[in-house]
Amino acid sequence: MTSAHPASPAHSRFNVFGRIVEVRREGALWQAYRVGMDGKRTPAGFVIPDFVAEDELAQFLEDLFHESASPHNGDVHRIG
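Calculation criteria
- Residues numbered from 1 in each chain as written.
- Predicted model: local features only at pLDDT ≥ 70, side-chain atom pairs only at ≥ 80, totals over all residues.
- Heavy atoms only, no water.
- Phe/Tyr/Trp six-rings, centres within 6.5 Å; stacked < 30°, edge-to-face > 60°.
- Helix = DSSP H or I, 4+ residues; strand = E, 2+ residues; numbered from the N terminus.
- Buried < 20%, exposed > 50% of the residue type's maximum accessible area, 1.4 Å probe, protein only.
- Lys NZ or Arg CZ within 6 Å of the ring centre and 35° of its normal.
- Arc of directions from axis to C-beta.
- Contact = heavy atoms within 4.5 Å.
- Pairing = 2+ DSSP bridges.
- Core = buried A, V, L, I, M, F, W, Y, C linked by side-chain atoms within 4.5 Å.
- Polar contact = N/O pair within 3.5 Å; in protein donor to acceptor, adjacent residues only side chain to side chain.

**Structural notes on the packing of aromatic side chains**
Okay, step 1: Under the counting rule described, the total for this entry stands at one aromatic pair.
Okay, step 2: A ring pair is formed by F46 and F65, whose centres lie 5.0 Å apart and whose planes are at 75 degrees; its orientation type is edge-to-face. Within this pair, whereas F46 is found in the loop between β4 (41-43) and α1 (57-65), its partner F65 is found in helix α1, the two being separated by 19 residues in sequence. The pair F46 / F65 is uniform in exposure class, with both members buried.
Okay, step 3: When the ring centre of W30 is taken as origin, the NZ or CZ atom of R25, which lies over that ring, is 4.0 Å away.
Okay, step 4: A cation sits over an aromatic face here: R41 above Y33, 4.4 Å from the ring centre.

**Details of α1**
Okay, step 1: Those residues of α1 not exposed but buried are L57, F60, L61 and F65. Projected down its long axis, α1 carries its buried residues within an arc of 110 degrees, all on one side.
Okay, step 2: Against the buried residues of α1 lie β1 (12-16), β2 (19-26), β3 (29-35) and β5 (76-78).

**Digging into the pairing of β2**
Okay, step 1: Sheet analysis places β1 next to β2, joined by five bridges and oriented antiparallel. Note that in β2 the partner of V16 across the bridge is R19.
Okay, step 2: Taken together, β1 and the strand that follows it, β2, pair antiparallel across an intervening segment of two residues, in which F17 is found at a positive phi of about 50 degrees.
Okay, step 3: Bridge count for β2 against β3 is seven bridges, and the pairing is antiparallel. Considered in β3, the bridge of E22 is made with Y33.
Okay, step 4: Counting the residues between successive antiparallel strands, the hairpin from β2 to β3 contains two residues, one of them, G27, with a positive phi of roughly 70 degrees.

**Concerning the nonpolar core**
Okay, step 1: Ranked by size, the top nonpolar core spans 16 residues in total, and within it V16, V23, F46, I48, L57 and L61 carry the most contacts.
Okay, step 2: Contributions of two or more residues to this core are made by β1, β2, β3 and α1.
Okay, step 3: No other element matches α1, which puts four residues into this core.
Okay, step 4: Those residues within four positions of F46 in sequence are excluded, and the remaining contacts are V21, A32, L61, L64 and F65.

**With respect to the side chain of N15**
Okay, step 1: Along the chain, N15 turns up in strand β1.
Okay, step 2: By relative accessible area, N15 is classed as buried at 19%.
Okay, step 3: Here G18 takes part through its backbone nitrogen, which lies 2.8 Å from a polar atom of the side chain of N15.
Okay, step 4: Residues contacting N15, with those up to four places away along its chain left out, are I20, D75, V76, H77 and I79.

Encoded structure:
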């Protein structure tokens, strides 16, 4: 495993079972924010380990929040 991280976009947004989460790479760390209906961001209150690759974020979020899944709130997918 290497500690080098490829360049990634400034941020990615995900629909996580009906909630919007923005994930940003800030230095070597991931920072996660909940995005409210008004567009304001607040700290999400969970940690994404620094070794999670950008292309693994959706799967990580799905694994973390799978108990929130229901037939009415979809799945986890990137929205921007």
